[in-house]
Amino acid sequence: MQVDADVLRAAVVELFVALGASEETAALIGVHLVEANLRGHDSHGVGVVPMYLASLKAGGMMLESELRLVSDMGGMIIFDAQRGVGQVTGHRAMELGIERAKDHGSAIIGLRNSHHLGRIGHWAEQCAAAGLVSVHFVNVVAGPFVAPFGGTRARLGTNPFAAGFPRAGAEPVIVDFATSTLAMGKVRVYRNEGRTLPDNALLTAEGLPTNDPNELFTTPPGVLTPFGQHKGSGLALACELLGAALLGGETQHDGTSDPAVINSMLSIIVSPERMGTLEAFGGEMAQVLAWMQSENNDHPGRVLLPGEPELATRRQRLDEGIPLDPTTLGQIVASAEGLGLSDLQFQRLTQVN
Ligand code: NAD
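Residues numbered from 1 in each chain as written. Predicted model: local features only at pLDDT ≥ 70, side-chain atom pairs only at ≥ 80, totals over all residues. Heavy atoms only, no water.

Concerning the domain arrangement of the protein
Often the size quoted for an interface is simply the accessible area lost on bringing the parts together. The cut-off we apply is this: The split into domains, and so the bounds of each, comes from an automatic or database assignment of domains. By definition in these notes, contact holds between two residues if any of their heavy atoms fall within 4.5 Å. Take the accessible area each of two parts loses on contact, using a 1.4 Å probe, and add the two losses: that sum is the buried area.
Each assigned domain of the protein is listed with its residue range as follows: domain 1 (1–57 + 321–353), domain 2 (62–180 + 228–279) and domain 3 (192–225). Spacing between the C-alpha centres of domain 1 and domain 2 amounts to 24 Å. Taken together, the contact between domain 1 and domain 2 spans 22 residues of the former and 18 residues of the latter. When domain 1 packs against domain 2, close to 1,700 Å² is buried across both sides, 63% of that on carbon and sulfur atoms.

Structure (structure tokens):
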């Protein structure tokens, strides 16, 4: 099924308002999830709704939690999100970070103990839209699901990293990925679509390589591998220490966690304008990107910039609609019905065809 982005967004808003969220909270969730779908990251689109509802039910996600200001040193701010909705806490934290980076030239924003912050590139895009460079280190407390390099036991989360670079007259460069070979949600997408996993992405709970996505959802669960061997594993650790430990946020240091997915994020936001390098930065970046993408006749490759695949998918999905497989739709409907909700747009979508 292909669903129009506006229809899908309205369905998410309707669902969260029915659960008691304000229109504003529901709208931020709707925009974020559908933007993830539009950009091709179905792992972080509406398919996360069942996980959010399970979290809500277990008291792990607080629909209208206050974003508590822990400390404010001007160019450095720490918030405690108190397990508030990540689409709201992330948005508000970035809003203030952007304001401070414009005032001071840079801002360090610590956002600790938020419910799932979704697609981290979303926050880099928010900063880039304001003309700011940003870097984001994020930890995940849930599971754990990822083995460190050299091990077969899950110790950390899929700890994502993102960075955004605005460009005059062009879309920003957005680097944004999990530090596991596959994001957890990507394995869910493979499973829901009945596909097998690429090699070396997942181990069974016994530590044996597997291509079966179902192995991640067994009890005990399978174990994701870090991307890039010791390098990805090192970056995952940096995300844990910078994203959470440094901020006094919750770290993943044992095997126990509730159904909530808790993220803490360290964001460093820089204004090239206030740094006095705006022109040089733009010029040098344009040259680096052109050089990276240059090929010759012997090697007519197509080098994409980080962020470009997402933009191409976005154009296509705005045009053709967002693919929504019946398993994912069924999971959303079942989770909503489990909370006593009926007569929703998501339920009506199951009756199409
Ligand atoms: P991915 O493996 O699809 O990598 C995406 C990145 O690689 C993007 O920057 C993209 O532009 C770039 N890219 C992809 N193909 C490319 C190509 N051919 N050439 C050049 N660049 C290319 O991402 P992922 O690891 O599956 O992560 C998906 C999403 O999951 C991300 O948005 C991430 O932030 C999010 N995530 C969130 C959490 C959380 O707890 N909130 C945890 C893990 C991941």
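Focus: the site of the ligand
Here is the rule: Summary of the distance rule: residues count as near a molecule or strand when at least one heavy atom falls within 4 Å of that molecule or strand. Identification of polar contacts relies on pairs of N or O atoms within 3.5 Å, with a donor-acceptor requirement for protein atoms, meaning one able to donate a hydrogen and the other able to accept it, and with residues adjacent in sequence counted only if both atoms are side-chain atoms. Note on areas: Shrake-Rupley, 1.4 Å probe, and residue coverage restricted to the protein chains presented here. Buriedness for pockets is judged along seven lines, at least five of which must meet protein on both sides within 12 Å for an open set on the 1 Å grid over protein atoms alone, while cavities are sets there where a 1.4 Å probe fits but cannot get out, and lining residues have an atom within 4 Å of a point. For this analysis, a molecule is said to be in a pocket or cavity if more than half of its atoms are within 2 Å of the grid points defining it. Strands here mean DSSP runs of E at least two residues long; helices mean DSSP runs of H or I at least four residues long; both are numbered from the N terminus. In this classification, Asp, Glu, Lys and Arg are treated as charged, Ala, Val, Leu, Ile, Met, Phe, Trp, Tyr, Cys and Pro as nonpolar, and every other residue, Gly included, as polar.
Close contacts around the ligand come from 22 residues, with Arg 119, Asp 176, Lys 186, Gly 307 and Glu 310 the closest. Separating an oxygen atom of the ligand from a side-chain N or O atom of Lys 186 is a distance of 2.6 Å. Here a nitrogen atom of the ligand and a side-chain polar atom of Asn 263 are 3.0 Å apart. Relative to its free-state accessible area of 870 Å², the ligand is covered by the protein chains to the extent of 78%. Among the detected pockets, the ligand sits in the largest pocket. Elements with a minimum of two residues in the shell around the ligand: strand 7 (170–177) and helix 10 (308–320). Broken down by element, the shell around the ligand gets its largest block of residues, 4 residues, from strand 7. Partitioning the shell around the ligand into residue classes produces 11 nonpolar, 7 polar and 4 charged.

Let's talk about the packing of aromatic side chains
Note the following rule: Any pair of Phe, Tyr and Trp rings, taking the six-membered ring for Trp, is counted once the centres come within 6.5 Å. Such a pair is stacked with planes under 30 degrees apart, edge-to-face with planes over 60 apart, and tilted for the rest. Exposure is judged per residue with a 1.4 Å probe applied to protein chains only, and the accessible area is read against the type maximum: over 50% gives exposed, under 20% gives buried, and values in between give partly exposed.
In this structure the tally under the stated criterion is 3 aromatic pairs. For the pair Phe 161 and Phe 177, a centre-to-centre distance of 6.0 Å together with 40° between the ring planes defines the contact as tilted. With a gap of 16 residues between them, Phe 161 in strand 6 (residues 161–167) and Phe 177 in strand 7 connect regions that are remote in the sequence. Note on Phe 161: relative accessible area 14%, which makes it buried. For the pair Phe 177 and Phe 227, a centre-to-centre distance of 5.3 Å together with 65° between the ring planes defines the contact as edge-to-face. With Phe 177 in strand 7 and Phe 227 in the loop between strand 10 (223–224) and helix 7 (230–243), the pair connects residues that are 50 residues apart, well separated along the chain.

Re empty space enclosed by the protein
To find leftover empty space, a probe the size of one water molecule is rolled over the atoms. We apply this condition: Grid points are joined across faces, edges and corners, and a volume is the space filled by probe spheres set on the points.
Under the counting rule described, the total for this entry stands at 1 cavity of 30 Å³ or more. Estimates place the volume of the largest cavity at around 50 Å³. In terms of lining, the largest cavity is formed by Arg 39, His 41, Arg 119, Glu 125, Ile 174, Asp 176, Gly 307 and Glu 310.

Regarding the side chain of Ser 233
Here Ser 233 shows up in helix 7. Apart from residues lying up to four places away in sequence, Ser 233 is in contact with Pro 148, Phe 149, Pro 226 and Phe 227.

Observations concerning the nonpolar core
The condition is simple: Put simply, a nonpolar core is a bunch of buried Ala, Val, Leu, Ile, Met, Phe, Trp, Tyr and Cys residues held in one set by side-chain atoms that sit within 4.5 Å of each other.
Counting 36 residues, the largest nonpolar core has Leu 15, Phe 16 and Phe 346 as its most contacted members. Elements represented by at least two residues in this core include exactly helix 1 (5–18), helix 2 (23–38), helix 3 (49–57), helix 11 (326–338) and helix 12 (345–350). If you tally residues by element for this core, the top one is helix 1, at 7 residues. Both domains that furnish three or more residues to this core are identified here as domain 1 (1–57 + 321–353) and domain 2 (62–180 + 228–279). Leave out the neighbours within four places in its chain, and Phe 346 touches Leu 8, Ala 11, Val 12, Leu 15, Leu 329, Ile 332 and Val 333. In this structure, Ile 77, Ala 81, Ala 162 and Ile 269 belong to the second largest nonpolar core, which totals 20 residues.

Considerations on unusual backbone geometry
Here the bond from Gly 143 into Pro 144 is cis, since omega is 0°, no more than 30 degrees from zero. When you line up the elements, Pro 144 lands in the loop between strand 5 (133–141) and strand 6. In this structure, the amide linkage connecting Thr 219 to the following residue, Pro 220, adopts the cis form with an omega of -5°. Within the secondary structure, Pro 220 is located in the loop between strand 9 (209–210) and strand 10. For Gln 229, which is not a glycine, the phi torsion comes out positive at approximately 55°. Mapped onto the fold, Gln 229 is located in the loop between strand 10 and helix 7.

A few points about a nonpolar patch on the surface
Selection rule: Residues forming no salt bridge and having over 30% relative accessible area are the ones grouped into patches, like charges within 9 Å of each other and nonpolar side chains (Val, Leu, Ile, Met, Phe, Trp, Tyr) within 5 Å. What makes a salt bridge here is a side-chain nitrogen of Lys or Arg within 4 Å of a carboxyl oxygen of Asp or Glu, nothing more.
On the surface, a cluster of nonpolar side chains totalling about 250 Å² of accessible area is made up of Met 73, Met 76 and Ile 108. Within the secondary structure, Met 76 sits in strand 3 (residues 76–80). Residue class for Met 76 comes out partly exposed when judged on its relative accessible area of 37%.

Quick look at the sheet that holds strand 8 (residues 202–203)
Here is the rule we go by: When DSSP finds at least two bridges between two strands, those strands are taken to pair.
With respect to topology, 3 strands assemble into an open sheet ordered 9-8-10, the strand pairing being antiparallel. If you trace the sheet from one side to the other, it starts and ends with strand 9 and strand 10, each paired once. Across 2 bridges, the pairing between strand 8 and strand 9 is antiparallel. Its bridge partner being in strand 9, Leu 203 is matched across the sheet by Pro 209.

Brief notes about the pairing of strand 11 (residues 262–270)
For a regular strand, the rule is simple: side chains alternate between the two faces of the sheet. Across the 9 residues that make up strand 11, a large majority, 8, are buried. Relative to strand 11, strand 4 (residues 106–115) runs antiparallel, the two sharing 8 bridges. Paired with Ile 108 across the strands is Ile 268, a residue of strand 11. As defined by bridge partners, strand 5 adjoins strand 11 across 9 bridges and the pair is classed as antiparallel. Residue pairing in the sheet places Val 135 in a bridge with Ile 268 of strand 11.

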